[in-house]
Amino acid sequence: MGSTIVRLTLAHWPAAAVLIDEYGHITAGNRAAARLFGYEQRDLTQFAIDELIPAWRPLDRGESLATRRRATGHRLDGSTFPLRFIQLPVEAGDARCTLIAVRPRTGHHRSGHVSHVRNRHSEERLRAAVRAGRIGTWVWDLHKRTVWWDSAMYKLWGQRRHHGILPIATATALLHPEDREWVGRSMEEHIKGNAREISLEFRLLRPDGVSQWVDVNGQIERDEQGVATRMIGATIDVTARRNAEDALHHAQKIEALGTLAGGIAHDFNNILLAVAGNTRLAKLELAPEHPIQNNLAEIAKATARATDLVNRILTFSRQNDCRREVLQLQPAVEDAIKLLRATLPAMIEINTHFAAALPSVRADATQIHQIMINLVTNSAHAIGDGAAGCISVALDEVHVAQGGTLTPELKAGRYVRLSVTDTGSGMDKATLDRVFDPFFTTKPVGRGTGLGLSVVDGIMRSHEGSVLATSEPGRGATFRLYFPAVDAAPSPTQPVVATPPAQGRGRRVMYIDDEDALVYLMIRMLQKSGYQVTGFTDAEQALQALREQPAAFDVIVTDLSMPGMSGFHVAQAIREVRADLPVVVTSGYVRAEDRVIAKQVGVRELVLKPDTVEELAGVLERVFES
């Protein structure tokens, strides 16, 4: 039958009818079809049949052509209606086409009308859910090795609908190269085996180069001999869920490393404190012109660097103290930039852009400085020594939706976003995926520890925010930091008042620590400050001495982590002997739960090592004043 004859027949067809090609595209439609679906007749050819009748599927082999199918039609105005349709294969010149004849189903009773309305509402809810859930459906003909996609599948895979039935090889080529082989192998195993269902999760590679995770579920139809003939299924976009899972796994990894780092820091801090304290004592006891003074100064420098490294480890593990207050980010960022300008090469320019009327955030100003130092220094290294470049720093306000693809770990709400962008060498995807891993660095030996960006990540997590990095080789990098906005006014700045060095004035101190070197060091250091000190390396012996002479001490200083008895247990035991005796606990690292327990057992102060040598005398002075 010629193409002209087919179209004339279609025009005079008594019911609504459309002509579709072998890919499901509408090539012609009569006036009755246009009225039924609410379109102009000329506009019908812009659609595929499954956009008007989503339940449409290609004809199966051996299927009766006279079978009337029930389905739901979708009009231009968004309404739906029940219908029946028949498919008739026709020849139109050299092309193979299908004629779709459609009749609406109408009820004759009121109860039928109510059912129709309910069904229509159910269909609309289902259609909305499918659109929101990014779900597409497909039919795979295993004999022809072709697959049919509905319109949602084309949108899901980022493809233009230029054909409806694809060779399976064409569809497979859209898979991510790293997943292509194992997905094909898994499909073959399901088809050749006795499986009736299939469920896979893999990545697509969209035309824009973005990877997208999908969950594919389908049923395998088999003939009487058990040979697979067809697969029918649905594909769901699960990218947001996978991103959220990746963020959770990263957080768990950082938490585990933080716990390990905290334990290491406790022992390492004891060693540093002994080295640093004895170095200071030696410098004080030797004449200023003594030749050993230079050696001691170098030891002090090395100890300071080691102390800073431990503090960085504690920061990324979120074990360090974080004193947050309500403040404006802009002044803190500007102060850090002023300090950094002098340290950067003259060829590197810093540009700033701060939005007006930004909300306040709850943050630690010192840690904001640390963030800026790490990010700007990292950008300068990316630009390179002696190279010209630009670092841009920006602040703006953004609204984050719950479960966003880019920020799955953030709660919905307002955020102040700090962006740092450079014109450096950029990073490939492999480097970008590891950029926040502790001790990972691309810098030469001696140029970095690999803790800078992991510290930034740890600080942002402690601030209930997030940091995201984007980069491409040769196109620089951008780091975006999200701080939760607060409505409160910034806290007033407290003036810094200089205090004179504390003097012990003969007060009696009991010092308890399981490290002999620290007990020896503290006895000598506190004695120089005017205290009378009695040291113990065994907590039980110290408590026994207190029970024998309860009035012989004015304050107890004890380490937190000791074998057999912790500092908190010591504090509880002391309260049973003398409830009025103040107790100070020192520790290599302090967790938030430690501060809670300290208050519960009556500890007056919780002091973080390794600054105990300088701070302890001041802490004792505060204890006695209170």
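See above for the structure.
Everything numeric in this text was worked out from a predicted model, so none of it was measured.

**Q** Before we go on, may I ask you to explain the environment of Gly506 in this structure?
**A** With respect to the helices and strands, Gly506 occurs in the loop between strand E18 (477-486) and strand E19 (508-512). In the structure, Gly506 is positioned 24 residues away from Gly530 in sequence and 5.7 Å away in space, judged by C-alpha atoms. Filtering out sequence-adjacent residues up to four positions away, Gly506 remains in contact with Gly530 and Gln532.

**Q** Any chance you could explain the packing of helix H10 (residues 329-341) against helix H11 (residues 365-383) here in plain terms?
**A** Each pair of packed helices can be described by the angle between their axes along with the distance between the axes. As a packed pair, H10 and H11 sit with axes 9 Å apart at the nearest point and diverge in direction by 50°. Classified by the angle their axes make, H10 and H11 are oblique. Between H10 and H11 lies a crossing of right-handed hand. In this structure, H10 contributes Leu329, Ala332, Val333, Asp335, Ala336, Ile337, Leu339 and Leu340 to the contact, and H11 contributes Ile368, His369, Met372, Ile373, Val376 and Thr377.

**Q** Explain the sheet that holds strand E10 (residues 211-222) here, please?
**A** Pairing between sheet strands relies on hydrogen bonds along the backbone, with the strands arranged either parallel or antiparallel. Pairing within the open sheet is antiparallel, and its six strands lie in the order E8-E7-E6-E11-E10-E9. Each having just a single partner strand, strand E8 (165-167) and strand E9 (197-205) make up the two edges of the open sheet. Strand after strand, the sheet turns through a mean of 25° between neighbouring axes, direction not considered. Bridge analysis of E10 against strand E11 (residues 228-237) gives nine bridges, and the strand direction is antiparallel. Its bridge partner lying in E11, Ile220 is registered against Met231. Each of strand E6 (135-141), E9, E10 and E11 touches helix H7 (residues 177-192); the most contacted strand, E9, lies at about 165° to it.

**Q** Explanation requested: the pattern of salt bridges in the structure shown.
**A** Any two side chains of opposite charge can pair, so long as their charged atoms come close to each other. Scanning the model with the defined rule gives 18 salt bridges in all. Residue Arg507 is joined to Glu621 by a salt bridge in which the shortest nitrogen-to-oxygen separation is 3.9 Å. Linking Arg507 in the loop between E18 and E19 with Glu621 in helix H18 (residues 612-625), this pair joins segments that are 114 residues apart in sequence. Among the salt bridges present, the one from Glu605 reaches Arg622, with a minimum N-O distance of 3.5 Å. With Glu605 in strand E23 (residues 605-608) and Arg622 in helix H18, this pair connects stretches of sequence that are 17 residues apart. Looking at Glu605, the relative accessible area reads 22%, which means it is partly exposed. Taken together, the salt bridges that share partners define one network made up of Glu178, Asp179 and Arg203.

**Q** What should I look at first to understand a positive patch on the surface in this one?
**A** Taken together, the side chains of Arg68, Arg70, Arg84 and Arg103 define a basic patch exposed on the protein surface. The class for Arg84 is partly exposed, based on a relative accessible area of 33%.

**Q** What's the story with the pairing of strand E17 (residues 466-471) in this structure? I'm lost.
**A** Here is the key point about a regular strand: its side chains alternate between the two faces of the sheet. Burial analysis of E17 places five of its six residues in the buried class, which makes it a mostly covered element. From the end of E17 to the start of E18, which pair antiparallel, there are five residues, and Gly474 there has a positive phi angle of about 80°.

**Q** Would you take a moment to explain the pairing of E9 for this structure?
**A** Bridging between E9 and E10 involves nine bridges; their strand directions are antiparallel. The residue bridging Leu205 from the neighbouring strand is Ser211, located in E10. The hairpin formed by E9 and E10 contains five residues between the paired strands, and Gly209 there has a positive phi angle of roughly 85°.

**Q** Is there a simple way to explain the packing of helix H15 (residues 539-548) against helix H16 (residues 567-577) in this structure?
**A** The N-to-C vectors of H15 and H16 enclose an angle of 15°; their axes lie 10 Å apart at closest approach. Between H15 and H16, the angle falls in the class roughly parallel. Of the two possible hands of crossing, H15 and H16 adopt the one that is right-handed. Contacts between H15 and H16 involve Ala539, Leu543, Leu546 and Arg547 from the first element and Val570, Ala573, Ile574 and Val577 from the second. Tallied by class, the residues present in the contact of H15 with H16 amount to seven nonpolar, no polar and one charged.

Calculation rules
Residues numbered from 1 in each chain as written. Predicted model: local features only at pLDDT ≥ 70, side-chain atom pairs only at ≥ 80, totals over all residues. Heavy atoms only, no water. Helix = DSSP H or I, 4+ residues; strand = E, 2+ residues; numbered from the N terminus. Contact = heavy atoms within 4.5 Å. Axes fitted to C-alpha atoms, helices over the stretch in contact; angles between N-to-C directions. Parallel < 35°, antiparallel > 145°, perpendicular 65-115°, else oblique. Left-handed = near helix turned anticlockwise from the far one by under 90°. Pairing = 2+ DSSP bridges. Salt bridge = Lys/Arg side-chain N within 4 Å of Asp/Glu carboxyl O. Buried < 20%, exposed > 50% of the residue type's maximum accessible area, 1.4 Å probe, protein only. Patch = residues over 30% accessible without salt bridge, like charges linked within 9 Å, V, L, I, M, F, W, Y side chains within 5 Å. Areas by Shrake-Rupley, 256 points an atom, 1.4 Å probe, with all protein chains shown as cover. Lys, Arg positive; Asp, Glu negative; His and termini not counted. Charge placed at Lys NZ, Arg CZ, Asp CG, Glu CD. Nonpolar A, V, L, I, M, F, W, Y, C, P; charged D, E, K, R; others polar.

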